[in-house]
Amino acid sequence: MRIRQAILLTFAALTLVSCGIYSFSGTSIQPDEKTITINYFEYKALKVNPSLSNDLTEAMRNKFRRMTRLEQVDIDGDLEIVGEVVGYDVRAQGITANEVAAQNRLTVTIKIQFINRKNPESGFDSKSFSAYSDFDATQSLDAVESSLCAEIIEKLVEDVFNATVAQW
């Protein structure tokens with residue numbers, strides 16, 4: 001009886017692995033999707049952050065390198081991500097009784113096009129993603145900008161990853 005259970009368990013495991021669709025990282029990449037192109041994120045926001053595009057692009061490439069089996073290629077990947085930074089804004093958040101901002105919020109907005117050359121129906125033309133981080137109004141943006149951007153980039157990369165290959 002144990003041999004039968006072991007054979008059934010082995011068969012079930014091989015069936016799941018061989019279909020190639022599911023993985024332990026939560027991705028749903030089809031077996032025929034082998035390469036990905038992640039283009040440089042163009043910076044189109046009015047307020048300038050000179051390193052944001054590069055940092056975002058590299059973080060995105062690293063996420064896909066770590067979490068998928070896809071080979072990264074410079075052009076014409078089976079999957080392709082084209083993105084741009086369209087918003088970089090700081091706004092006052094919590095107002096105190098003296099009508100002074102207690103906190104400020106840095107918000108970054110990106111727009112993504114996801115091309116799937118093997119399964120076009122799973123791609124999308126344009127989708128916006130935003131992430132923010134709050135900071136104390138007594139601090140200048142210059143003092144906290146790099147740590148806020150790192151936190152925001154992490155959130156944006158996770159959202160894009162989930163919307164493209166995890167399809168959550």
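The shown structure was predicted, so the numbers you read here are calculated from the model rather than taken from an experiment.

Visitor: Before we go on, may I ask you to explain the packing of aromatic side chains in this structure?
Guide: Two aromatic rings, taken as a pair, are described by how far apart their centres are and by the angle between their planes. Scanning the model with the defined rule gives 2 aromatic pairs in all. Geometrically, the ring pair formed by Phe64 and Phe161 is edge-to-face, given 5.1 Å between the ring centres and 65° between the ring planes. Taken as a pair, Phe64 in helix 2 (residues 52-67) and Phe161 in helix 3 (residues 141-166) lie far apart in primary sequence, 97 residues in all. Phe161 shares its class with Phe64; the two are buried. Ring centres 5.7 Å apart and planes at 45° place the aromatic pair Phe114 and Phe124 in the tilted group. With Phe114 in strand 5 (residues 103-116) and Phe124 in strand 6 (residues 124-136), this residue pair connects regions lying 10 residues apart in the sequence. Above the ring of Phe161, the side-chain terminus of Lys63 is found at 5.1 Å from the ring centroid. Here the guanidinium or amino end of Lys127 rests over the ring plane of Phe124, the centre of that ring lying 4.8 Å away.

Visitor: Where do I start with the pairing of strand 5 in this structure?
Guide: Strand direction decides the pairing type here: strand 4 (residues 79-92) and strand 5, joined by 13 bridges, are antiparallel. When the bridges of strand 5 are listed, Ile81 appears paired with Phe114. One ladder, built from 11 bridges, connects strand 5 with strand 6; its direction is antiparallel. Within strand 6, the position partnered with Phe114 by the bridge is Phe124.

Visitor: Just checking my understanding: could you explain the pattern of salt bridges for this structure?
Guide: Opposite charge on two side chains makes pairing possible when the charged atoms of those side chains draw close. Counting across every chain of the model gives 8 salt bridges. Two residues, Arg105 and Asp134, come together in a salt bridge whose shortest N-O distance is 2.7 Å. Here Asp134 lies in strand 6 and Arg105 lies in strand 5, a separation of 29 residues in the sequence. Exposure remark for Asp134: the relative accessible area of 30% places this residue in the partly exposed category. Residues joined by salt bridges that share partners form a network here, namely Lys44, Glu84 and Lys111.

Visitor: Please explain the confidence of the model for the chain as it appears in this structure.
Guide: In low-pLDDT regions, the fine details of the predicted coordinates are not to be read closely. Looking at the chain as a whole, its pLDDT mean stands at 86, while 80% of the residues score no less than 70. Considering only residues more than four positions removed or in separate chains, one finds that residues 12-25, a stretch of pLDDT under 50, has 12 contacts.

Visitor: Just checking my understanding: could you explain the packing of helix 2 against helix 3 for this structure?
Guide: Helix packing for two helices is described by the angle between their axes and how far apart those axes are. For the pair helix 2 and helix 3, the least separation of the axes is 9 Å and the interaxial angle reads 50°. When the axis of helix 2 is compared with that of helix 3, the two are oblique. In this structure, helix 2 meets helix 3 at a crossing whose hand is right-handed. Residues Leu52, Asp55, Leu56, Ala59, Met60, Lys63, Phe64 and Met67 of helix 2 pack against Cys149, Ile153, Leu156, Val157, Glu158, Val160, Phe161, Thr164 and Val165 of helix 3. Taken together, the residues of the contact of helix 2 with helix 3 sort by class into 13 nonpolar, 1 polar and 3 charged.

Criteria and cut-off values
Here the residue numbering is sequential within each chain, running from 1 through the sequence in written order. Confidence filtering applies because this is a predicted model: local features only for residues at pLDDT of at least 70, side-chain atom pairs given and counted only at 80 or more, and all residues used for totals across whole chains, interfaces and linings. Think of the side-chain values as coming from all heavy atoms in the structure, minus any hydrogens and water. Working definition: a ring pair exists when centres of Phe, Tyr or Trp rings (six-membered ring for Trp) sit within 6.5 Å. Plane angles under 30 degrees give stacked, over 60 give edge-to-face, the rest tilted. Secondary structure is summarised from DSSP: a helix means a run of H or I of at least four residues, a strand means a run of E of at least two, and numbering begins at the N terminus for each. Accessibility here uses a 1.4 Å probe with only protein chains present; expressed as a share of the type maximum, an area under 20% marks a residue as buried, one over 50% as exposed, and anything in between as partly exposed. We call a charge positioned above a ring when the Lys NZ or Arg CZ atom is no farther than 6 Å from the ring centre and deviates by at most 35 degrees from the ring normal. Strand pairing is assigned whenever DSSP detects at least two bridges linking the two strands. Salt bridge, as applied in this entry: a Lys or Arg side-chain nitrogen positioned within 4 Å of an Asp or Glu carboxyl oxygen. You can read pLDDT as the predictor saying how much it trusts each residue, on a scale of 0 to 100. Pairs of residues are marked as contacts when any of their non-hydrogen atoms sit within 4.5 Å. Axis lines are fitted through C-alpha atoms, for helices just across the contact stretch, and the angle between N-to-C directions can take any value from 0 to 180 degrees. If an angle is under 35 degrees, it is roughly parallel; if it is over 145, roughly antiparallel; if it lies from 65 to 115, roughly perpendicular; otherwise it is oblique. Note on convention: near helix rotated counterclockwise from far helix by under a right angle means a left-handed crossing. Clockwise means right-handed. For this classification, the nonpolar set comprises Ala, Val, Leu, Ile, Met, Phe, Trp, Tyr, Cys and Pro, the charged set comprises Asp, Glu, Lys and Arg, and every other residue, Gly included, is treated as polar.

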